[in-house]
Amino acid sequence: MTESETPLLDELEKGPWPSFVTEMKRAAKKKESAHDLLRQLERSYNDRIGHWKHGGIVGVRGYGGGVIGRYSDLPEEFPGVAEFHTLRVNMPSGWFYTTEKLRQLCDVWDKHGSGLTNLHGATGDIILLGAPTEALQPCFDDLAEIGFDLGGSGSDMRTPSCCVGPARCEYACIDTLEVLYQITMEFQDELHRPMFPYKSKIKISGCPNDCVAAIPRSDIAVVGTWRDNIQVDPAAVAAYANDGIDIQEEVVDLCPTQCMHWDASTKTLTIEDRECNRCMHCINLMPKALAVGKERGATILVGGKAPIVHGALLSWVVVPFMKMEPPYDEFKDLVRRIWEWWDENGKMRERLGELINRMGMRAFLKAMNLPPSPAMIRAPRANPYYFWDPEEVK
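Residues numbered from 1 in each chain as written. Predicted model: local features only at pLDDT ≥ 70, side-chain atom pairs only at ≥ 80, totals over all residues. Heavy atoms only, no water.

Asker: So, the overall build of the protein: which residues are in play, and what are the values?
Answerer: Along its length, the protein carries 14 helices and 15 strands. Dimensions of the protein along its principal axes, counting C-alpha atoms only, are 75 × 65 × 40 Å. Of the charged side chains in the protein, 44 are positive and 56 negative, and the gap between their average positions amounts to 2 Å. (Helix = DSSP H or I, 4+ residues; strand = E, 2+ residues; numbered from the N terminus. Lys, Arg positive; Asp, Glu negative; His and termini not counted. Charge placed at Lys NZ, Arg CZ, Asp CG, Glu CD.)

Asker: If you had to explain the sheet that holds strand E4 (residues 85–89) to someone new, which residues and values would you point to?
Answerer: Overall, antiparallel pairing links the four strands, which are arranged E2-E4-E6-E5 in an open sheet. Lying at the two open borders of the sheet, with one neighbouring strand each, are strand E2 (67–68) and strand E5 (116–119). Of the pairings in the sheet, the one linking E5 to strand E6 (residues 126–131) comprises four bridges and is antiparallel in character. Note on E6: the bridge partner recorded for threonine 117 is leucine 128. Lying on the sheet, helix H4 (residues 99–112) is in contact with E4, E5 and E6; it crosses E6 at an angle near 15°. Running over the sheet, helix H5 (residues 133–145) touches E2, E4 and E6 and is turned about 15° from E4. (Pairing = 2+ DSSP bridges. Contact = heavy atoms within 4.5 Å. Axes fitted to C-alpha atoms, helices over the stretch in contact; angles between N-to-C directions.)

Asker: Can you explain the packing of aromatic side chains? Please cite residues and give values.
Answerer: Within this structure, the stated rule accounts for six aromatic pairs. For the ring pair phenylalanine 196 and tryptophan 339, a centre distance of 5.1 Å and an interplane angle of 40° mean the geometry is tilted. You can see phenylalanine 196 sitting in the loop between helix H7 (188–192) and strand E8 (202–205) and its partner tryptophan 339 sitting in helix H12 (residues 329–345), a full 143 residues away along the chain. Given the relative accessible area of 5%, tryptophan 339 is considered buried. (Phe/Tyr/Trp six-rings, centres within 6.5 Å; stacked < 30°, edge-to-face > 60°. Buried < 20%, exposed > 50% of the residue type's maximum accessible area, 1.4 Å probe, protein only.)

Asker: Any chance you could break down the packing of helix H6 (residues 176–186) against H12 for me, citing the residues and the numbers?
Answerer: In contact at an axis separation of 11 Å, H6 and H12 are set at 45° when each is read in the N-to-C sense. Between H6 and H12, the interaxial angle falls into the category oblique. Here H6 runs over H12; the crossing is right-handed. Within the contact between the two elements, H6 uses Gln182, Ile183 and Glu186 and H12 uses Phe331, Lys332 and Arg336. Looking at side-chain class alone, the contact of H6 with H12 contains two nonpolar, one polar and three charged residues. (Parallel < 35°, antiparallel > 145°, perpendicular 65-115°, else oblique. Left-handed = near helix turned anticlockwise from the far one by under 90°. Nonpolar A, V, L, I, M, F, W, Y, C, P; charged D, E, K, R; others polar.)

Asker: Break down the pattern of salt bridges for me, citing the residues and quoting the values.
Answerer: Summed over the entire model, instances satisfying the criterion amount to 19 salt bridges. With a closest N to O distance of 3.7 Å, aspartate 156 and arginine 158 form a salt bridge. When sorted by exposure, aspartate 156 lands in the same class as arginine 158, which is buried. One salt bridge connects arginine 193 with aspartate 189, and the closest N-O pair in it is separated by 3.1 Å. Salt bridges linked by common partners bring Glu186, Lys332, Asp333 and Arg336 together as one network. (Salt bridge = Lys/Arg side-chain N within 4 Å of Asp/Glu carboxyl O.)

Asker: How would you explain unusual backbone geometry if you had to name every residue and give the values?
Answerer: The amide bond that connects leucine 119 to the next residue, histidine 120, takes the cis arrangement and shows omega of 10°. Mapping histidine 120 onto the fold places it in the loop between E5 and E6. Its identity is not glycine, yet alanine 213 carries a phi of approximately 50°, on the positive side. The exposure class assigned to alanine 213 is partly exposed, which follows from its relative accessible area of 25%. In this structure, arginine 349 is a non-glycine residue whose phi angle is positive, near 65°. Following the sequence through the fold, arginine 349 ends up in the loop between H12 and helix H13 (352–359).

Asker: Residues and numbers for the sheet that holds strand E9 (residues 220–226), please.
Answerer: Pairing in this open sheet of five strands is mixed, and the strands run E7-E8-E9-E14-E15 from one edge to the other. Each edge of the open sheet carries a strand with a single partner, namely strand E7 (161–162) and strand E15 (316–322). The pairing of strand E14 (residues 296–302) with E15 spans four bridges and is classified as antiparallel. The residue bridging leucine 301 from the neighbouring strand is valine 317, located in E15. The sheet strands contacting H13 are E9, E14 and E15, and the helix crosses E15 at an angle near 110°.

Asker: Break down the nonpolar core for me, with residues and values.
Answerer: Core analysis: the biggest nonpolar cluster contains 40 residues, and Ile300, Phe331 and Phe364 have the highest contact counts within it. Elements with a minimum of two residues in this core: H6, E8, E9, E14, E15, H12, H13 and helix H14 (361–368). Not counting residues within four places of it along the chain, the set of residues in contact with isoleucine 300 comprises Ile220, Ala221, Val222, Trp316, Val317, Val318, Val319, Met322, Phe331 and Leu334. Cys173, Val237, Ile271 and Cys276 belong to the second largest nonpolar core, which has 26 residues in total. (Core = buried A, V, L, I, M, F, W, Y, C linked by side-chain atoms within 4.5 Å.)

Asker: Before we move on, could you go through the state of the cysteines and cite the residues and values that matter?
Answerer: Throughout the structure, instances matching the rule amount to zero disulfides. Lacking any disulfide linkage, cysteine 106 is separated from the closest cysteine sulfur, that of cysteine 139, by 12 Å. When its relative accessible area of 41% is taken as the criterion, cysteine 106 is described as partly exposed. (Disulfide = S-S within 2.5 Å.)

Note that all results are geometric; they support no functional claim without further evidence.
Here it is, written out as structure tokens:
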């Protein structure tokens, strides 16, 4: 690869930051597909248009998802990327690897593909970028030999993801790693065989900090929480005050529900826990003094998505508190009911949140047999008239 072939891409290597172009050039020294990828990308920058055709159907035996078809619309000019399919590989819970497994993974990909990877994609998968059609089945077979499976793609359950949870985080209210493993194993058919109106994502965060952005990015979000009081160590609170933290200004005044009171004369912090909305601000700022409660579980939310059809949506709370204990049957049953209702009523390419917007939260809760909760209300009702269903009137 010479500089004269990719002058526009060369500009992206300048400056103090790492550049994907540099890494692609390293791969291009060994793989013709990576070399042609750079050349086509340079052409796209010049033409100001992408030169990829719509995917098409490719895959491996027994799987409807996991492989994303990608073809160049300039195959004669760039034969190395005439077929440049992407494999989504199911990652381990919390993205924990041994170096041995990573080396095995890279050896398989060097053998069958371009050598280019993305660890990790937006959903969390291991992304293996660029393989010809004839390499897909041998690559999958070799991945299976080292213990890896394909993830989700298309109109199926996308690969679930979770934060590192109790493995490394003191705030975790649930075992996110075990929940993720159980969900992945339970819903293998839904993960590998597209059967839904559109994609369905499940993301699991161990606490309300929501480090995997479950609330804005998943159709079904599991967020660890607690339903008793925040644990307070009065001596540690006083120590923070003595060390220079302005608890009134930095903690109490920034509480979104104003549920805290600070007595500077006695260095006493009191919390009206019934008003707390679990924003985690105070705990994040004073982790030695405050801790999540002892009665722990999860809040279940639905309907989050990025803007595709009807714009971006944040999730709604539908179950304010659920105990998350193995084998997680209550949560699994709720997921099945949600999918059944969505599959029956959803239009093509209509995500769960868009369906709820169209049919109403009331219809959703009735189908799920869930009680309404004030946590579900976005704004006070403007219409003063409410009509009861005949079966609800005694």
